[in-house]
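The primary structure of each chain is shown beneath.
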Amino acid sequence: MDVRNKRVIVLGMARSGIAAAKLLAKRGAIVTISDMKAEESFGGALDELRSLGCIFALGEGPQKYLADQDMMILSPGIPVAKPFVQEAIAAGIEVIGELELGARMMRGGLCAITGTNGKTTTTTLVGELFRATGRGTHVVGNIGYPITADAGEMTDDDLTVAEVSSYQCETISTFHPHVGAVLNITEDHIARHGSMQCYIDMKRRIFDRQTEADFAVFNYDDPTCHEMAKGLAAKIVWFSRTQQVPCGADVRDGVIMLNLEGEAKAICRVDEVFIPGPHNLENALAAVAIAGAMGVAPELMAPVLRTFRGVEHRIETVRVLGGVTWINDSKGTNVDSTLKAIATMTRPTVLILGGSDKGTSFDPLAEAIAAAPQIAHCVLVGDTAAQIRASLEKVGYKAISEADHDFDRCIALCREKALEGGCVLLSPACASFDMFKDFEDRGRIFKEKVMNL
C-alpha cells in the first residue's frame, strides 16, 4: 500500500492511533492527528510524531480538518455511525481502522481470532505456538499491541496472530487472514452495536475475503458458530472439548487430538495443559486447531501447552494473604467471561462485580451465583452496582455489599468478608470505563492495592 504524499487524518491518539500515525508518516504520508484531549495531556508520547512532521489537531473535533483528506484512520472506540465519520464517507474519504491499515502494510502469514471470550489467552497461546517454529512472530491487535507498530518491519517468512474485536471489524474492508477463528458468541457490546445480530454480523466479517485456500475455525459446542460457518468459502475447522469433530481439534480418552488431513494425531493429555479450567481447555483446543491450520507441526505443540501460564488479568493469582487467595480477572468484562471464572472457583469466594454499562442483562449471572455454593459474598462497585443488586435480589441472593465508586472501600470489604482458605475474585462482568482507563488499568490498580495490604 503506497501512502506517499497522501493526506491522512488519524482519529484517536491511544496506542493504536499513535502507532498508525508513526507508520504512515514514515511511509511518506501527510498525517494529521486528531484527539479531543489537549496536547499537554499526552506528555512526551507525541514527540516522535512532531519530529516526523505530523500536523496536530488536538483538543477539538476533526470536522474542520476533513477537507482534502484522502483517508481517515478511525480508533476502534469511535463508532462509524458518528456524524463526522459519515460526512467523511459522503465526501469520498476512505475510512478504515488501524487493524485494516496494518493488514494492508504487513508481510507474512496472518491469522485472526475473535469471539466474545478467550481471545487474549488464545491469541497469546497461538503466538507461543508460532514461536516454537522458530519463525518471526507478531502478537497484535485488540490484545493491546497495535499491528501498525510491527507492520513496517515484517518479513515474508513471519507469522502474525491478531486478536480482533467487534469494534475493529466495523472498519475492515480488504482484511484477509489465512486462518480466521471465532471462539464463542455470547451477549456483549449491545450498547455499541444495537442488537445481538449486528454484533454477530460484525464478528463474521473477518471471513469475508477468505477463499477456498483459507481456513475458518469455529467452536463446535457453540450453536451460533454453526450458523456463522454456513456459506463460507474457506475450509471449516472445528474444536470441541465435548464431542469428536469431523475436522479439527477435540478430546478423546483424555487426550487432545488434531485431525486436519484425515489422520488424527495426539498432541498431549488434557491433564498436562498448564492453564486451569474447562474454558482454558477450549482455548487450548482452539489454539491447536488454529496453529495446525497455519502449518505448525503437532510435535511442537505439546511442550508449549505444558508450560504456557496464561495472561495477565485473566484468573491471575496475585497473592495469598492470611490464608486468602486474591485473584485478578479484570479481563472478565462481560457476563459469560465472569461465569467461566466462577466455574474455576472451588473454595468460598468473595466476588467483585460492577463497572460501566454495556447494555446487557445481569439476570443469567445472578442465577448462576445463586446456584454456586462457592460464591460466599458479592461486593458491588461502579455504575452498574444497582443493576447487579436488583438481579441478585430477584433470585434471592442476599450476601451483598456495596462500595459505590470507592475501590479502596471495595477491597476493604472483600478483606472483611473473605474466609481463611477462601478467595477474593475480581471478575466484574462489566467494562471499566466508569472508574478506570481500561480493564488493564483496573487489574493493575487492583494488584497494587492487594500487594500493599
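Structure shown above.
Residues numbered from 1 in each chain as written. Predicted model: local features only at pLDDT ≥ 70, side-chain atom pairs only at ≥ 80, totals over all residues. Heavy atoms only, no water.

What am I meant to see in the sheet that holds strand E4 (residues 71-74) here?
Hydrogen bonds along the backbone pair up the strands of a sheet, which may run parallel or antiparallel. Read from one edge to the other, the open sheet built from five strands follows the order E3-E2-E1-E4-E5, with strand pairing classed as parallel. Each of the sheet's edge strands pairs with one partner strand only, and the pair in question is strand E3 (55-58) and strand E5 (94-97). Averaged over all adjacent pairs, the angle separating strand axes in this sheet is 20°, with direction ignored. Sheet topology places strand E1 (residues 7-11) next to strand E2 (residues 30-35); five bridges connect them, and they run parallel. Each residue of the ladder has a partner; that of Arg7, found in E2, is Ile30. Helix-sheet contacts for helix H4 (residues 98-105) involve E4 and E5, and the interaxial angle to E5 is about 90°. (Pairing = 2+ DSSP bridges. Helix = DSSP H or I, 4+ residues; strand = E, 2+ residues; numbered from the N terminus. Axes fitted to C-alpha atoms, helices over the stretch in contact; angles between N-to-C directions. Contact = heavy atoms within 4.5 Å.)

How should the side chain of Ser240 be read in this particular structure?
In this fold, Ser240 is placed in the loop between strand E11 (235-239) and strand E12 (248-252). A polar contact is formed between the side chain of Ser240 and the side chain of Asp221, at a distance of 2.8 Å. Not counting the four nearest positions on each side in its chain, Ser240 is found in contact with Tyr220, Asp221, Val245, Ala249, Asp250, Val251 and Leu285. (Polar contact = N/O pair within 3.5 Å; in protein donor to acceptor, adjacent residues only side chain to side chain.)

Even after reading the chapter, I still don't get the pattern of salt bridges, so can you show me in this structure?
Working definition: two side chains of opposite charge can pair if their charged atoms are close together. Applying the stated criterion across every chain, the model contains 32 salt bridges. Among the ionic pairs, Glu39 bridges to Arg50, the shortest N-O distance being 2.3 Å. Taken as a pair, Glu39 in the loop between E2 and helix H2 (47-51) and Arg50 in helix H2 lie far apart in primary sequence, eleven residues in all. One salt bridge in this structure joins Lys64 and Glu60, with 3.3 Å as the shortest N-O distance. Here Glu60 falls in the partly exposed class, since its relative accessible area comes to 25%. Among the charged side chains, a network of salt bridges with common partners joins Arg269, Asp271, Glu272 and Arg306. (Salt bridge = Lys/Arg side-chain N within 4 Å of Asp/Glu carboxyl O. Buried < 20%, exposed > 50% of the residue type's maximum accessible area, 1.4 Å probe, protein only.)

Explain the layout of surface pockets to me, please; I cannot follow it from the model alone.
In this approach a probe as big as a water molecule rolls over the atoms, and the regions it shows empty are the leftover space. Considered as a void within the structure, the second largest pocket measures approximately 410 Å³ in volume. What lines the second largest pocket is a set of 22 residues, and nearest its centre among them are Pro276, Arg314, Ile315, Glu316 and Thr317. Elements that contribute at least two residues to the lining of the second largest pocket include exactly helix H11 (278-293), strand E15 (316-321) and strand E16 (324-328). Of the residues contributing to the lining of the second largest pocket, the split by class is eight nonpolar, nine polar and five charged. (1 Å grid on protein atoms, 1.4 Å probe; cavity = no way out; pocket = protein on both sides within 12 Å on 5 of 7 lines; lining within 4 Å. Points joined across faces, edges and corners; volume = space filled by probe spheres on them. Nonpolar A, V, L, I, M, F, W, Y, C, P; charged D, E, K, R; others polar.)

Explain the sheet that holds strand E18 (residues 375-380) here, please?
The six strands are arranged E15-E16-E20-E17-E18-E19 in an open sheet whose pairing can be described as mixed. Two strands in the sheet have a free side with no partner beyond their single neighbour: E15 and strand E19 (400-402). This sheet shows a mean twist of 20° between the axes of neighbouring strands, independent of strand direction.

Would you mind showing me how to read helix H17 (residues 439-451) here?
Because the α-helix completes a turn every 3.6 residues, residues three or four places apart line up on one side. With 13 residues, H17 should cover 18 Å at 1.5 Å per step; its first-to-last C-alpha distance of 18 Å lies within 8% of that length. Buried within H17 are the following residues: Phe439, Glu440, Arg442, Gly443, Phe446, Lys447 and Val450. Buried residues of H17 fall within an arc of 160° about the axis and therefore sit on the same side. Buried-residue contacts for H17 involve helix H1 (15-26), E15, E16, strand E17 (349-353), helix H16 (407-417) and strand E20 (423-426). For H17, the N-terminal cap is Asp438; the gap from its side-chain oxygen to the backbone nitrogen of Glu440 is 3.2 Å. (Expected span 1.5 Å × (residues − 1). Arc of directions from axis to C-beta.)

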